[in-house]
Amino acid sequence: MPQIALSSGTIDYQDTGGEGPVLVFCHGMPMSGTQWRKVVPLLNGYRCVLPTLPMGGHRRPMHPDADLSQRGIALLLGEFIERLGLDDVTLVLNDWGGGQFLISEGRAQRVARLVLVACEAFDNFPPGPARAAAAVCRVPGGVLLLTRLMRVPWFRNDPRGYGGMSLRGIPDEVLDGWFAPAAQSRAVRRDFAKFATSAPRRATLLAWSERLRDFDRPVLVVWATEDRLMPREHGRRLAELYPQGRLVEIADSSTLVPEDQPERLAEVLTDFLLRTGAAPVRDAS
């Protein structure tokens, strides 16, 4: 897997390559690019880039003094895009919504389009059920306890937690891959705790949200109708907040739309890209 050294440390990423328009996919906590494993193969003609951000599912610990706050991770994402020389990027978020803070920080110059798929927004950082996990992460040894609990079927499948993120259920091997790095490395657990406990105060989040109005490029908001973590009204509010926002709701899905409705999500995403001038580049051979 390719890797790149950034100011906070070295991160892994996947890159399908090609000459097509660039799509950068971000993941949730403590996930990785496998969150998009069902969607990326449906996007022939696009260059899909998937960084593994330091949210707990990363294999390489960051520097001890790295800023792994919501703002810090957003700026790290911006640094990643810049260091790879990616331009006219379509930034795609699901679950984690902090990538929007590139806009509030004035660092979204390389982002041509934004796709928000059932993600954190406004003051919903972290979503209600995830706040319990954040509280556990504040306790010494809490992250290790959480990784051990995730091995227990009743806990990992609880609809009030990770089990509620997908109506179809997340395969065990995928969940194992998300939690293995923190289970195996104390330094990764340190990074996990730093990010999980970093949500700003409500007033700060809402102030940052107001700055999103400055993003005058196309925005697709995709919301899941059966989502327990991301309030349905937030989809509408986001579409109204962005000057060029458009809302599409997808039925029979929870937060992880790429898991529950990958074909429908790929269809909606492709339509948006075509409408906004990002046509795929097909292999002439």
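Residues numbered from 1 in each chain as written. Predicted model: local features only at pLDDT ≥ 70, side-chain atom pairs only at ≥ 80, totals over all residues. Heavy atoms only, no water.

Undergrad: Looking at this structure, how should I read the overall build of the protein?
TA: From N to C terminus, the protein includes 11 helices and 8 strands. Computed over the C-alpha atoms, the radius of gyration of the protein is 18 Å, within 12% of the 19 Å expected from 2.2 N^0.38 for a compact globule of 285 residues. Dimensions of the protein, computed from C-alpha atoms along their principal axes, come out at roughly 50 × 40 × 40 Å. When burial is assessed residue by residue, the protein has 55% of its 285 residues classed as buried. Within the protein, contacts between residues separated by at least 24 positions form 76% of all contacts whose residues are at least 6 apart in sequence. Total accessible area on the protein is roughly 12000 Å²; 49% of this is exposed by carbon and sulfur atoms. (Helix = DSSP H or I, 4+ residues; strand = E, 2+ residues; numbered from the N terminus. Rg over C-alpha atoms; globule rule 2.2 N^0.38 Å. Buried < 20%, exposed > 50% of the residue type's maximum accessible area, 1.4 Å probe, protein only. Contact = heavy atoms within 4.5 Å. Areas by Shrake-Rupley, 256 points an atom, 1.4 Å probe, with all protein chains shown as cover.)

Undergrad: Sorry if this is basic, but what is going on with the sheet that holds strand β5 (residues 89-95) here?
TA: As a general point, the strands of a sheet are linked pairwise by backbone hydrogen bonds and lie either parallel or antiparallel. In space, the 8 strands of this open sheet follow the order β1-β2-β4-β3-β5-β6-β7-β8, with mixed pairing throughout. Only two strands of the sheet have a single neighbouring strand rather than two, namely β1 (3-6) and β8 (245-250). Taking each pair of neighbouring strands and ignoring which way they run, the sheet shows an average axis angle of 25°. As paired strands, strand β3 (residues 22-25) and β5 are joined by 3 bridges and run parallel to one another. Across the sheet, Val-24 pairs through a bridge with Leu-91, a residue of β5. The sheet strands contacting helix α1 (residues 70-83) are β1, β2 (9-15), β3, β4 (47-51) and β5, and the helix crosses β1 at an angle near 120°. (Pairing = 2+ DSSP bridges. Axes fitted to C-alpha atoms, helices over the stretch in contact; angles between N-to-C directions.)

Undergrad: I would appreciate a short explanation of unusual backbone geometry in the present structure.
TA: Geometrically, the link from Met-29 to Pro-30 is a cis peptide bond, its omega value of -5° lying close to zero. Assignment of secondary structure puts Pro-30 in the loop between β3 and β4. If you check the backbone angles, Phe-122 has positive phi at about 55° while not being a glycine. In this structure, Phe-122 sits in the loop between β6 (111-119) and α3 (128-137). With relative accessibility at 7%, the residue Phe-122 sits in the buried group.

Undergrad: So what exactly am I meant to see when it comes to the nonpolar core here?
TA: Looking at soluble globular proteins, one finds that nonpolar side chains tend to be buried together. Membership of the largest hydrophobic core comes to 64 residues, with the highest contact counts inside it found for Val-24, Leu-91, Leu-116, Leu-238 and Tyr-242. With residues near it in sequence (within four places) discarded, Leu-116 still touches Leu-93, Gln-100, Val-219, Leu-220, Val-221, Val-222, Trp-223, Leu-238 and Tyr-242. (Core = buried A, V, L, I, M, F, W, Y, C linked by side-chain atoms within 4.5 Å.)

Undergrad: Would you take a moment to explain the packing of helix α4 (residues 142-149) against helix α6 (residues 172-184) for this structure?
TA: Axes are the key here: two packed helices are described by the angle between their axes and the distance separating the axes. α6 packs onto α4 with a crossing angle of 140° between their chain directions and a minimal axis gap of 9 Å. Considering their axes alone, α4 and α6 lie oblique with respect to each other. Viewed along their axes, α4 and α6 form a crossing whose handedness is left-handed. Mapping the contact onto sequence places Val-143, Leu-144, Leu-146 and Thr-147 in α4 and Phe-179, Ala-182 and Ala-183 in α6. Each residue belonging to the contact of α4 with α6 can be placed in one class, and the counts come to 6 nonpolar, 1 polar and no charged. (Parallel < 35°, antiparallel > 145°, perpendicular 65-115°, else oblique. Left-handed = near helix turned anticlockwise from the far one by under 90°. Nonpolar A, V, L, I, M, F, W, Y, C, P; charged D, E, K, R; others polar.)

Undergrad: Whenever I open this one, the pattern of salt bridges confuses me. Can you help?
TA: For side chains of opposite charge, pairing can occur when their charged atoms come near one another. Evaluated as defined, the whole model comprises 21 salt bridges. Its salt-bridge partner being Glu-233, residue Arg-237 comes within 3.8 Å of it at the nearest N-O pair. With a gap of 4 residues between them, Arg-237 and Glu-233 both fall in helix α9 (residues 232-241), about one helical turn apart. Among the charged side chains, a salt-bridge network with shared partners connects Asp-12, Arg-59 and Arg-60. (Salt bridge = Lys/Arg side-chain N within 4 Å of Asp/Glu carboxyl O.)

Undergrad: Which parts of the structure should I look at to understand the environment of Leu-23?
TA: Secondary-structure assignment places Leu-23 in strand β3. Overall, the relative accessible area of 0% leaves Leu-23 in the buried class. C-alpha separation for the pair Leu-23 and Ser-185, spaced 162 residues apart in sequence, amounts to 31 Å. When sequence neighbours within four positions are dropped, the list of residues in contact with Leu-23 reads Leu-43, Tyr-46, Arg-47, Cys-48, Val-49, Thr-90, Leu-269 and Leu-273.

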